[in-house]
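# Descriptive analysis of the structure
Next come the chains, spelled out residue by residue.
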Amino acid sequence: MKRRDLLRRLSLLPFAGSTVGAFFMPTAVQAAPTGAKRNLFQELGVRTFINAAGTYTFMTGSLMHDYVQEAWLEASKEFCLLDELQDKVGAKLAELTHAEAAVVTAGAFSGLTLGLAGILTGTDVEKVKKLPHIGGTGMKSEVIYQKGHEIDYNHALTNTGCTMVAVENIADVEKAINEKTAMLFFVNILANSGKISHEEWVALGRKHGIPTAIDIAADVPPVENLWKFNDMGFDFVVVSGGKAMRGPQSAGVLMGRKKIIEAARLHMPPRGFNIGRGMKVNKEEVVAMYVAIEQFIKHDHAKDYKIWGERIAHIENAVKGLPGVSTNVTTPELGNVTPTLEVSWKEDLVKMKPKDLQERLRNGQPSIEVAGGKENSVNITAWVMKAGEEKIVARRLKEELSRAAV
Ligand SMILES: *Cc1c(COP(=O)(O)O)cnc(C)c1O
């Protein structure tokens, strides 16, 4: 049937106008609600939830502050040269963090890859093209770290082709250093699991003329950590943007020596002859990350801490009198520095495994995520909750713990 004939036929049907419209409208357009604001999560059938767990990547990190969202949106409305923007933002970030230079990266992980890549190649473009390398290029190829600082994210460093050399004490470091040693690497969150301190690590690097680097991805607050390790003399430092700072989850900052940052940038977009091309940040991340840090530094952290504590106390008070249930609030000394409530229970009095409780909270209305704990416990933080959500978490937790009581 010709389109013209079809149209004529349809026009004979009742409600023809709207039917024709609907008939020829592509499905996607048809699905778009008219006037009403779209709820994309609902449309896509994606569950959203109250996050009482923390800043986990698989839960999408944290919610960007309003001022970060605004910066993101503003940036999206104009063109600019990506390098010029990184130059200008980098200068501001360097000043704020007491570093010689800084650049916005696609998170702390990519900052590690790019920083080490910069150390390996310097500004030699031919070398930049050769990473990842497996030797034979004249570039250094080993990174020394402490055995206690073993963490999945160290893969960021082996992405350059380097191998990791584990040591335990200062004598081991002296022995391990050779002409292939590119860098001495420190993981701040595991500082207490190693035998060598920050200061000793930096001194070892200085003594042997080898750059030192530190991963502080999840270690603000305290806010001073943004400059503490630059002041201490680490040659580069990486931090995540989308954890407690509530910047973009797709961003972080690499900060440190001018020479290293300059070289690291050769490994990044807009250039495409390097290992960092897939670690792209665009103007939105760069501007939003800048505003996130600028405001984070000005922020009233004591007030935040008080609010988190009050929320946690509210949840604790709702459950601590329940039979068989005990609670404990601690604040980690390193990493994720926020009041953390452990709710645990006696197995003979509350018949439930932590994963049962997690599932029941997840399947409730509204859905809630808490972190799994030890054998019979779950962990709760309040720093990425919205105001008032602690009341819902308290009520639901009490309901499920009471229901499972025997
Ligand atoms: C979160 C984290 C990373 C990864 O940071 P991204 O910003 O997500 O790339 C690396 N190291 C440590 C210790 C972390 O906690």
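Residues numbered from 1 in each chain as written. Predicted model: local features only at pLDDT ≥ 70, side-chain atom pairs only at ≥ 80, totals over all residues. Heavy atoms only, no water.

Before going further, it helps to examine the overall build of the chain. Each helix and strand counted, the chain has 17 helices and 13 strands in total. The dimensions of the chain, computed from C-alpha atoms along their principal axes, are 85 × 70 × 40 Å. Residues counted as buried form 48% of the 406 residues belonging to the chain. If you take every contact in the chain between residues at least 6 apart in sequence, the share linking residues at least 24 apart comes to 68%. A total accessible area of about 20,400 Å² is found for the chain, and carbon and sulfur atoms account for 55% of it. Taken together, the 50 basic and 47 acidic charged side chains of the chain have centroids lying 7 Å from each other. (Helix = DSSP H or I, 4+ residues; strand = E, 2+ residues; numbered from the N terminus. Buried < 20%, exposed > 50% of the residue type's maximum accessible area, 1.4 Å probe, protein only. Contact = heavy atoms within 4.5 Å. Areas by Shrake-Rupley, 256 points an atom, 1.4 Å probe, with all protein chains shown as cover. Lys, Arg positive; Asp, Glu negative; His and termini not counted. Charge placed at Lys NZ, Arg CZ, Asp CG, Glu CD.)

Turning to helix α5 (residues 66-75), its buried residues are Val68, Ala71 and Ala75. With its buried residues spanning 60° around the axis, α5 presents them on a single face. Exposed side of α5, more than 90 degrees from the buried face: Asp66, Glu70 and Glu74 are the residues found there. (Arc of directions from axis to C-beta.)

The next thing to look at is the layout of surface pockets. Quantified by volume, the largest pocket comes out at close to 810 Å³. What lines the largest pocket is a set of 36 residues, and nearest its centre among them are Thr55, Tyr153, Ala218, Lys243 and Asn336. Those elements that provide at least two residues to the lining of the largest pocket are α7 (108-121), β12 (371-372) and β13 (377-381). For the lining of the largest pocket, the leading source of residues is α7, giving 4 residues. Residues of the lining of the largest pocket, tallied by class, amount to 17 nonpolar, 16 polar and 3 charged. When we break the lining of the largest pocket down by domain, the ones giving at least three residues each are domain 1 (79-298) and domain 2 (301-404). Of the volumes computed, that of the second largest pocket is approximately 470 Å³. Lining the second largest pocket we find 16 residues, and of these Thr48, Phe49, Met59, Thr60 and Leu63 sit closest to its centre. Classifying every residue of the lining of the second largest pocket by side-chain character gives 8 nonpolar, 5 polar and 3 charged. (1 Å grid on protein atoms, 1.4 Å probe; cavity = no way out; pocket = protein on both sides within 12 Å on 5 of 7 lines; lining within 4 Å. Points joined across faces, edges and corners; volume = space filled by probe spheres on them. Nonpolar A, V, L, I, M, F, W, Y, C, P; charged D, E, K, R; others polar. Domains from an automatic or database assignment.)

Membership of the largest hydrophobic core comes to 46 residues, with the highest contact counts inside it found for Trp201, Leu226 and Phe234. No other element matches the 8 residues that helix α14 (residues 283-298) contributes to this core. Those residues in contact with phenylalanine 234, other than ones at most four positions away along the chain, are Phe186, His198, Trp201, Val202, Thr212, Ala213, Ile214, Phe229 and Arg257. The next biggest cluster of nonpolar side chains, apart from the first, holds 32 residues, and it includes Ala108, Tyr145, Ala182 and Phe236. (Core = buried A, V, L, I, M, F, W, Y, C linked by side-chain atoms within 4.5 Å.)

Now for the pairing of strand β8 (residues 252-256). Extensive coverage of β8 is indicated by the burial of 5 of its 5 residues. Direction of pairing for strand β2 (residues 101-105) relative to β8: antiparallel, over a ladder of 5 bridges. When the sheet's bridge partners are listed, valine 103 is paired in β8 with leucine 254. Where strand β7 (residues 236-240) and β8 come together, 5 bridges link them in antiparallel fashion. Note on β8: the bridge partner recorded for valine 238 is leucine 254. (Pairing = 2+ DSSP bridges.)

All residues adjacent to the ligand are Gly107, Ala108, Phe109, Ile151, Tyr153, Asp215, Ala217, Ala218, Ser240 and Lys243. Here an oxygen atom of the ligand and a side-chain polar atom of serine 240 are 2.7 Å apart. Computed on the free molecule, the ligand has an accessible area of 390 Å², of which 87% lies beneath the protein chains in the complex. One can see that the ligand is located within the largest pocket. Tallied by class, the residues present in the shell around the ligand amount to 6 nonpolar, 2 polar and 2 charged. (Near = heavy atom within 4 Å. Polar contact = N/O pair within 3.5 Å; in protein donor to acceptor, adjacent residues only side chain to side chain. Sits in = over half its atoms within 2 Å of the grid points.)

Once that is clear, we can look at the sheet that holds β2. As summarised here, the arrangement of the 7 strands in space is β2-β8-β7-β6-β5-β3-β4, forming an open sheet in which the pairing is mixed. Strands with a single pairing partner mark the edges of an open sheet, and in this sheet they are β2 and β4 (163-167). On average, each strand axis in the sheet is tilted by 25° relative to the strand beside it, whichever way the strands run. Most of the contacts of α7 go to β7, to which it runs at about 160°, and overall it touches β2, β3 (142-146), β5 (181-187), β6 (212-215), β7 and β8. (Axes fitted to C-alpha atoms, helices over the stretch in contact; angles between N-to-C directions.)

Partitioning the chain into domains gives domain 1 (79-298) and domain 2 (301-404). Domain 1 and domain 2 are separated by 35 Å when their C-alpha centres are compared. In this assembly, 11 residues from domain 1 lie in contact with 8 residues from domain 2. Interface of domain 1 and domain 2: buried area, both sides summed, is about 790 Å²; carbon and sulfur atoms make up 63% of it. It is Ile189, Asn192 and Pro221 in domain 1 that bury the most area against domain 2; as a group they hold 43% of the surface buried on that side. Summed over the shared surface of domain 1 and domain 2, the number is 0 salt bridges. At the boundary of domain 1 with domain 2, the tally comes to 2 residue pairs in polar contact (both at pLDDT 80 or more). Counted by class, the side of domain 1 that touches domain 2 contains 8 nonpolar, 2 polar and 1 charged residues. (Buried area = accessible area lost by both parts, 1.4 Å probe. Salt bridge = Lys/Arg side-chain N within 4 Å of Asp/Glu carboxyl O.)

Running from N to C, helix α15 (residues 301-319) and helix α17 (residues 389-403) cross one another at 20°; their axes reach a closest spacing of 9 Å. When the axes of α15 and α17 are compared, the pair comes out roughly parallel. In this structure, α15 crosses over α17, and the sense of that crossing is right-handed. For the pair α15 and α17, the contacting residues are Arg311, His314, Ile315, Ala318 and Val319 in the first and Glu390, Lys391, Val393, Ala394, Leu397, Lys398 and Leu401 in the second. Grouping the constituent residues of the contact of α15 with α17 by class yields 7 nonpolar, 1 polar and 4 charged. (Parallel < 35°, antiparallel > 145°, perpendicular 65-115°, else oblique. Left-handed = near helix turned anticlockwise from the far one by under 90°.)

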